[in-house]
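Chain by chain, the residues:
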Amino acid sequence: MHIDIAGLPPERIVFETSPLAELGLALHALSEPGHHPGLHGWTTATSAALEPDLADRLHEAEFLWRNTFSDIFMPFAGVHGGDGRTGSTLAEDLDVLDRLDDERFVSAALEFTCSSLYDTGAPSPLTDARTRARAVEMATARGPRQLDFTRQLLADPASVRVWVRRLLEDCDQAFFADTWRRVQVQLAADARHKTELLRRKGTGAALEAVSAALSLDEQTGRISVDKLSTGRTDATGSAAGTGLTLVPTSFGWPHLMVLHAPGWRPVIHYPVHRPELPSPASVELLQLRLEALAHPLRMRICRNLARSPYTTGELADSLGITPPEVSRHLGVLKKAGLATTRRRGRYVLHSLDLTAVARLGSDFLEGVLR
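What you see is a predicted model; the values in this text were computed from it and never measured.

Rules behind the numbers
- Residues numbered from 1 in each chain as written.
- Predicted model: local features only at pLDDT ≥ 70, side-chain atom pairs only at ≥ 80, totals over all residues.
- Heavy atoms only, no water.
- Helix = DSSP H or I, 4+ residues; strand = E, 2+ residues; numbered from the N terminus.
- Buried < 20%, exposed > 50% of the residue type's maximum accessible area, 1.4 Å probe, protein only.
- Contact = heavy atoms within 4.5 Å.
- Lys, Arg positive; Asp, Glu negative; His and termini not counted.
- Charge placed at Lys NZ, Arg CZ, Asp CG, Glu CD.
- Axes fitted to C-alpha atoms, helices over the stretch in contact; angles between N-to-C directions.
- Parallel < 35°, antiparallel > 145°, perpendicular 65-115°, else oblique.
- Nonpolar A, V, L, I, M, F, W, Y, C, P; charged D, E, K, R; others polar.
- Pairing = 2+ DSSP bridges.
- Expected span 1.5 Å × (residues − 1).
- Arc of directions from axis to C-beta.
- Phe/Tyr/Trp six-rings, centres within 6.5 Å; stacked < 30°, edge-to-face > 60°.
- Lys NZ or Arg CZ within 6 Å of the ring centre and 35° of its normal.
- Polar contact = N/O pair within 3.5 Å; in protein donor to acceptor, adjacent residues only side chain to side chain.
- Core = buried A, V, L, I, M, F, W, Y, C linked by side-chain atoms within 4.5 Å.

Trainee: Looking at this structure, how should I read the overall build of the protein chain?
Mentor: A count of helical and extended segments in the protein chain gives 16 helices and 10 strands. With the C-alpha coordinates aligned to their principal axes, the bounding extent of the protein chain is approximately 75 × 50 × 45 Å. Out of the 370 residues belonging to the protein chain, those deemed buried represent 47%. Of the contacts made within the protein chain by residues no fewer than 6 positions apart, 69% connect residues no fewer than 24 positions apart. Taken as two groups, the 41 positive and 45 negative side-chain charges of the protein chain have centres that lie 9 Å from each other.

Trainee: Help me understand the packing of helix H12 (residues 296-307) against helix H14 (residues 323-335) in this model?
Mentor: Helix-helix packing is described using two parameters, namely the angle between the two axes and the distance between the axes. Interhelical geometry of H12 versus H14 gives an angle of 75° and a closest axis separation of 10 Å. Relative to H14, the element H12 lies roughly perpendicular. Residue-level contacts link Leu 297, Arg 298, Ile 301, Cys 302 and Leu 305 of H12 to His 329, Leu 330, Val 332 and Leu 333 of H14. Of the residues belonging to the contact of H12 with H14, the class tally is 7 nonpolar, 1 polar and 1 charged.

Trainee: Where do I start with the sheet that holds strand E7 (residues 257-259) in this structure?
Mentor: Think of a sheet as strands paired side by side through backbone hydrogen bonds, with each pair either parallel or antiparallel. With mixed pairing, 4 strands are arranged side by side in an open sheet as E2-E6-E8-E7. Two strands bound the open sheet, and with one partner strand each, they are strand E2 (13-15) and E7. Each adjacent strand pair in this sheet contributes to an overall mean axis angle of 20°, direction not counted. For E2 and strand E6 (residues 244-249), the ladder comprises 3 bridges, and the chain directions are parallel. Across the sheet, the residue bridging to Phe 15 is Leu 246, located in E6.

Trainee: Is there a simple way to explain the environment of Val 225 in this structure?
Mentor: Mapped onto the elements, Val 225 comes out in strand E4 (residues 222-225). Here Val 225 falls in the buried class, since its relative accessible area comes to 5%. Along the backbone, Val 225 and Ser 215 are 10 residues apart, and their C-alpha atoms lie at a distance of 6.8 Å.

Trainee: Sorry if this is basic, but what is going on with helix H8 (residues 144-155) here?
Mentor: For H8, which comprises 12 residues, the first-to-last C-alpha distance of 16 Å matches the rise-based estimate of 16 Å (1.5 Å per residue) to within 8%. Turning to H8, its buried residues are Gln 146, Leu 147, Phe 149, Thr 150, Leu 153 and Leu 154. Down the axis, H8 shows its buried residues gathered within 165° of arc, on one side only. Of the exposed residues in H8, the ones pointing more than 90 degrees away from its buried face are Pro 144, Asp 148 and Ala 155.

Trainee: What exactly am I supposed to notice about unusual backbone geometry here?
Mentor: Across the chain, the bulk of peptide bonds are trans and the bulk of non-glycine residues have phi less than zero. Of note, the bond from Trp 253 into Pro 254 is cis; its omega dihedral lies within 30 degrees of zero at 10°. Structurally, Pro 254 can be placed in the loop between E6 and E7.

Trainee: Looking at this structure, I do not really get the packing of aromatic side chains. What am I missing?
Mentor: One pair of aromatic rings is described through two measures. These are the centre distance and the angle between the planes. Applying the stated criterion to the full structure yields 7 aromatic pairs. Chaining the aromatic ring pairs together yields one cluster made of Trp 42, Phe 175 and Phe 251. The ring centre of Phe 105 lies 4.6 Å from the NZ or CZ of Arg 161, which sits over that ring.

Trainee: Help me understand the sheet that holds strand E1 (residues 2-4), please; the structure alone is not making it clear to me.
Mentor: Pairing in this open sheet of 4 strands is mixed, and the strands run E3-E4-E1-E5 from one edge to the other. Two strands lie at the open edges of the sheet, namely strand E3 (214-217) and strand E5 (232-234), each paired on one side alone. The sheet shows a mean angle of 20° between the axes of neighbouring strands, taken without regard to direction. Alignment of E1 against E5, held across 3 bridges, turns out to be parallel. Along E5, the bridge assignment pairs Asp 4 with Asp 234. Sheet strands touched by helix H10 (residues 203-210): E3 and E4. Its angle to E3, the strand with the most contacts, is close to 165°.

Trainee: Teacher, can you tell me more about the side chain of Ser 31 here?
Mentor: With respect to the helices and strands, the residue Ser 31 is situated in helix H1 (residues 19-31). For Ser 31, a relative accessible area of 11% puts it in the buried group. Here the side chain of Ser 31 touches His 28 through a polar contact of 3.0 Å, landing on its backbone oxygen. The contacts of Ser 31, once residues within four sequence positions are left out, are Glu 62, Trp 65 and Arg 66.

Trainee: Where do I start with the nonpolar core in this structure?
Mentor: Soluble, globular proteins show a tendency: their nonpolar side chains are buried together. The biggest cluster of nonpolar side chains holds 57 residues, and the ones touching the most others in it are Leu 27, Ile 72, Phe 105 and Phe 175. Residue assignment for this core shows that the elements contributing at least two residues are H1, helix H3 (52-61), helix H4 (90-99), helix H5 (102-109), H8, helix H9 (157-201) and E7. Other than its neighbours up to four places away in sequence, Ile 72 contacts Leu 20, Leu 64, Leu 97, Phe 105, Ala 108, Ala 109 and Val 164. Ile 5, Leu 8, Ile 13 and Leu 207 belong to the second largest nonpolar core, which has 22 residues in total.

Next up, the structure:
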């Protein structure tokens, strides 16, 4: 994922908090609690306290935030001629959503059916018969609720806009207002800190503080985001104004999201730093680790190393292979950051890095320790 910012003045890069964006991620956490183990207490308590009517309405609309995160939660990025600033309250953010034109509202609301067309600049389904047919076809495949929503949205966007706003306002009254009061202090402090870092040390330092997954190539003026998804956007000019907005979230971890729809202002939606959580491994390192563990012999080596340090010769005897073969497999594990070595006298001992392995998943760790 790339964002071009070549020539962009630093004052056009802003850190903002957004109640609406945070509500969107709170709703995602409620519908996918498995993505957010650190929020288990909050999701359990909030779900249990929901009135049945509101719970049913949220279930009807969850495709807006469960598998894809609709850009309707960041309307400040899509308003023509905007400055990238968010509302200070949910009501103000919803007022910005009301200012979003129908074509952009409909395209954003239909991301769950047309995500493959997200960054292609495809015409609006309100004006293009082919895109409209595609949206209906995909909604049909997703289920009857999605199909009903899509048909209503395409036939009468105004009524859907009223329905969505009322639903989000009811969420605010039921649980989000109290939640926002608790988290906004931390988010505002993070935004102020990053803004000061941007002012004093520059864009590269500010991005590094946001996430280890972000990097800036100073020569090309390109931000790279280490994600499995691909995309590209330009912060130096769009219908929604020039610039880049970064929005902190308390509910977002482990998601790092990038709004990169054509014509919209780019947005990086990042989780605030949590000291108890280590920095995520790069996608390249994750791939190396999974490939290293795909070989059955390396799995057996991991099993041995998980129990105690071994020399190359000991592993060769235990596995019935030659020392050079062991060395080759150990080289793969070391390159993936899964094995370590230390010298004891004239012997070199190899060990499994249990911390790195544990981050891959408890099933694997339990398997090699079983």
